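Listed below are the residues making up each chain.
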Amino acid sequence: MEYQKILDQIQEELNYRDVFGKVASYIPELAKVDPKKFGMYLYSTDAQNSSFGDSSEKFSIQSISKVFTLTMAMQILGEDLWDRVDVEPSGDPFNSLTQLEHEKGIPRNPFINSGALVICDILVSNLKDPKAELLEFVRKITGNPEIDYDYTVAASEKSTGYRNYALVNYMKALGNIKNDVEPIVDFYFHQCSLAMSCEELAKAFMLYANRGKLLETGERIISKTKNKRINALMQTCGFYDEAGEFSFEVGLPGKSGVGGGIVAIHPGQYSVAVWSPLLNPKGNSELGMAALERFTTLTGYSIF
């Protein structure tokens, strides 16, 4: 498969001028991002790494980070994790309070905000320094010791993060949060501020494409069973209330973030990351989704 030719064709076909999305504005720092940015990077098991555009520029990965924290929490709690958070698609906006009320404080899945905040609570309970240990984990799976938080973005999120505070307080009232609110939301805002490029994200997610092992060294990071669970959750819940559309159009497990990034994997084949900050009404990169639809169409590779 000549991946670079396919990526070149996608770059030629798609342009930010052809979409109607808007840059996320509810986090002030994200509103400053250049809407013209567009990059894509593919990391394959046969070392055919391919890219175009702004694929080496770092951006705020936002909810893509929830895959990393879920992985860490699963390593700690195993199957007991699912007593605190469910594994069902939400069908509601990622920051919904209404759903929590109906379901007595148990989030639908670990990728909506309430679920990710429960994961943060678990890591705060079990790790001495969650922020440092998350960085250590991400640096290990990318092989890049320079990856760090964007502290300006973290502060910007905190200044407007009232709904996330509300989610934690409500779940605490219902008995599903064990720690004080402040360290949980502080960790959450920092994880979302992780700054990574498409190249770094594609390399990181090769862990999930390679059945829980680092591609370059063969070191097992998570078991095959846990890796299967994470990929299943990315397939069914990775795009909030647009997960069905992504499965229908693209046909890969993946995860999006309101920074405009999307990562998707084909087990045993590749990991691919795309970045365009223009979001559709559901909070997913409009150009990113179009690029990945073209990619699986042109390659003929999806999991279906």
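Note: the structure precedes this text.
Keep in mind that what you see is a predicted model, and the values were worked out from it rather than measured.

Among the structural elements, Ser55 can be located in the loop between strand E3 (50–53) and strand E4 (59–60). Among the residues examined, Ser55 registers a relative accessible area of 4% and is labelled buried. Other than its neighbours up to four places away in sequence, Ser55 contacts Gly39, Met40, Tyr41, Ser197, Cys198 and Glu199.

This part is about the sheet that holds strand E2 (residues 39–44). Pairing is antiparallel across the open sheet formed by five strands, whose spatial order is E3-E2-E9-E8-E7. Single-partner strands in this sheet number two, and they are E3 and strand E7 (254–256). The sheet shows a mean angle of 10° between the axes of neighbouring strands, taken without regard to direction. Summarising the sheet, strand E8 (residues 261–266) and strand E9 (residues 270–275) pair through six bridges and their orientation is antiparallel.

Further remarks concern the nonpolar core. Counting 66 residues, the largest nonpolar core has Phe68, Leu201, Phe205 and Tyr208 as the members making the most contacts within it. Dropping the residues within four chain positions of it, Tyr208 is found in contact with Val67, Phe68, Thr71, Phe137, Ile222, Asn227, Ile230, Asn231, Met234 and Ile265. The next biggest cluster of nonpolar side chains, apart from the first, holds 27 residues, and it includes Ile6, Ile262, Ala264 and Tyr270.

Looking now at the packing of helix H2 (residues 65–77) against helix H5 (residues 130–142). The interhelical angle for the contact between H2 and H5, taken along N-to-C directions, is 105°, at an axis separation of 10 Å. By the angle between their directions, the pair H2 and H5 is classed as roughly perpendicular. Taking contact as the criterion, the partners of Phe68, Thr69, Thr71, Met72 and Gln75 in H2 are, on H5, Glu133, Leu134, Phe137, Val138 and Ile141. For the contact of H2 with H5, a count of residues per class yields six nonpolar, three polar and one charged.

Calculation rules
Residues numbered from 1 in each chain as written. Predicted model: local features only at pLDDT ≥ 70, side-chain atom pairs only at ≥ 80, totals over all residues. Heavy atoms only, no water. Helix = DSSP H or I, 4+ residues; strand = E, 2+ residues; numbered from the N terminus. Buried < 20%, exposed > 50% of the residue type's maximum accessible area, 1.4 Å probe, protein only. Contact = heavy atoms within 4.5 Å. Pairing = 2+ DSSP bridges. Axes fitted to C-alpha atoms, helices over the stretch in contact; angles between N-to-C directions. Core = buried A, V, L, I, M, F, W, Y, C linked by side-chain atoms within 4.5 Å. Parallel < 35°, antiparallel > 145°, perpendicular 65-115°, else oblique. Nonpolar A, V, L, I, M, F, W, Y, C, P; charged D, E, K, R; others polar.

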